[in-house]
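Spelled out, the chains give:
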Amino acid sequence: MVIDIIDFDSAYAKYFYDLNIEWLQTYFYVEPFDEEVLSKPEDYIIDKGGFIFFAKIDSKIVGTVALMPTETEGVLELTKMAVLPQERGKKIGQRLLQHCIDFGKSHHLKALLLYSNTKLENAIYLYRKYGFVEQELESNSPYKRSDIKMLLQLKA
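A quick note: this is a predicted structure, and the numbers were derived from the prediction, not measured. (Residues numbered from 1 in each chain as written. Predicted model: local features only at pLDDT ≥ 70, side-chain atom pairs only at ≥ 80, totals over all residues. Heavy atoms only, no water.)

J.: Explain the overall build of the protein chain here, please?
T.: Within the protein chain one finds 5 helices and 7 strands. The linear arrangement of helices and strands in the protein chain, starting from the amino end, is β-α-α-α-β-β-β-α-β-α-β-β. In terms of C-alpha radius of gyration, the protein chain reaches 14 Å, essentially the compact-globule figure of 15 Å for 156 residues. Considering only contacts within the protein chain whose residues lie at least 6 apart along the sequence, 62% involve residues at least 24 apart. Entry remark: accessible area of the protein chain is about 8,400 Å², with carbon and sulfur atoms responsible for 49%. (Helix = DSSP H or I, 4+ residues; strand = E, 2+ residues; numbered from the N terminus. Rg over C-alpha atoms; globule rule 2.2 N^0.38 Å. Contact = heavy atoms within 4.5 Å. Areas by Shrake-Rupley, 256 points an atom, 1.4 Å probe, with all protein chains shown as cover.)

J.: Even after reading the chapter, I still don't get unusual backbone geometry, so can you show me in this structure?
T.: For residues that are not glycine, phi is negative in most cases, and the peptide bond is trans in most cases. Of note, the phi angle at Asp-58 is positive, near 55 degrees, even though the residue is not glycine. If you trace the backbone, Asp-58 turns up in the loop between strand E2 (51-57) and strand E3 (60-69). On the basis of relative accessibility, which here comes to 68%, the residue Asp-58 falls in the exposed class. Although it is not a glycine, Lys-80 sits at a positive phi angle of roughly 55 degrees. Following the sequence through the fold, Lys-80 ends up in strand E4 (residues 75-83). For Lys-80, a relative accessible area of 8% corresponds to the buried category. (Buried < 20%, exposed > 50% of the residue type's maximum accessible area, 1.4 Å probe, protein only.)

J.: Help me understand helix H1 (residues 13-27) in this model?
T.: Think of an α-helix as turning once every 3.6 residues; residues three or four places apart then point the same way. Its 15 residues give H1 an end-to-end C-alpha distance of 22 Å, which sits within 8% of 21 Å, the value for a rise of 1.5 Å per residue. Those residues of H1 that are buried are in contact with helix H2 (32-39), helix H3 (41-46), E2, E3 and E4. (Expected span 1.5 Å × (residues − 1).)

J.: Help me understand the sheet that holds strand E5 (residues 111-116), please; the structure alone is not making it clear to me.
T.: Within a sheet, each strand pairs with its neighbour through backbone hydrogen bonds, oriented either parallel or antiparallel. Read from one edge to the other, the open sheet built from 7 strands follows the order E1-E2-E3-E4-E5-E7-E6, with strand pairing classed as mixed. In the strand order of this sheet, the two ends are held by strand E1 (3-7) and strand E6 (133-135), each with one partner. With direction set aside, neighbouring strand axes in the sheet form an average angle of 30 degrees. (Pairing = 2+ DSSP bridges. Axes fitted to C-alpha atoms, helices over the stretch in contact; angles between N-to-C directions.)

J.: I'm lost on a negative patch on the surface in this one. Help?
T.: Where like charges cluster on the molecular surface, the negative patch consists of Asp-9, Glu-42, Asp-43 and Asp-47. Along the chain, Glu-42 turns up in helix H3. (Patch = residues over 30% accessible without salt bridge, like charges linked within 9 Å, V, L, I, M, F, W, Y side chains within 5 Å. Salt bridge = Lys/Arg side-chain N within 4 Å of Asp/Glu carboxyl O. Lys, Arg positive; Asp, Glu negative; His and termini not counted. Charge placed at Lys NZ, Arg CZ, Asp CG, Glu CD.)

Any functional reading would require information beyond the geometric quantities listed.
Below, the structure written as structure tokens:
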């Protein structure tokens with residue numbers, strides 16, 4: 001099984017929305033901010049200097065992830081990672097995560113930041129395995145469901 005990681009194209013915007021809405025509804029709920037960002041990925045991510053990637057098997061989009069600019073220069077937020085339910089457990093999330101790390105290093109970013117929830121034990125394990133370290137979560141976290149903030153330093 002060959003998993004290709006491809007860059008954002010507006011033709012794939014629907015997959016970005018659908019994959020993430022399904023994931024949010026399965027594990028949490030869709031917050032108004034989610035709906036807004038997912039409905040307009042070009043406005044909220046691409047046009048602000050962010051990136052969206054898709055995992056593709058043959059001609060089928062099976063996963064997605066975004067890197068969104070933060071207020072800190074050189075730090076992007078790893079966000080909106082989702083994989084089709086029937087494709088989970090096939091290391092597609094790991095491929096997307098590794099792609100983001102490699103992308104960050106090749107673009108000389110300082111770090112990748114993420115917000116998650118500790119009930120997602122597999123995801124937290126994966127982030128730690130890839131070197132993400134827990135940070136203090138600010139009281140005004142952008143997501144109500146977040147109870148953990150993690151950072152991966154890419155360069156000193």
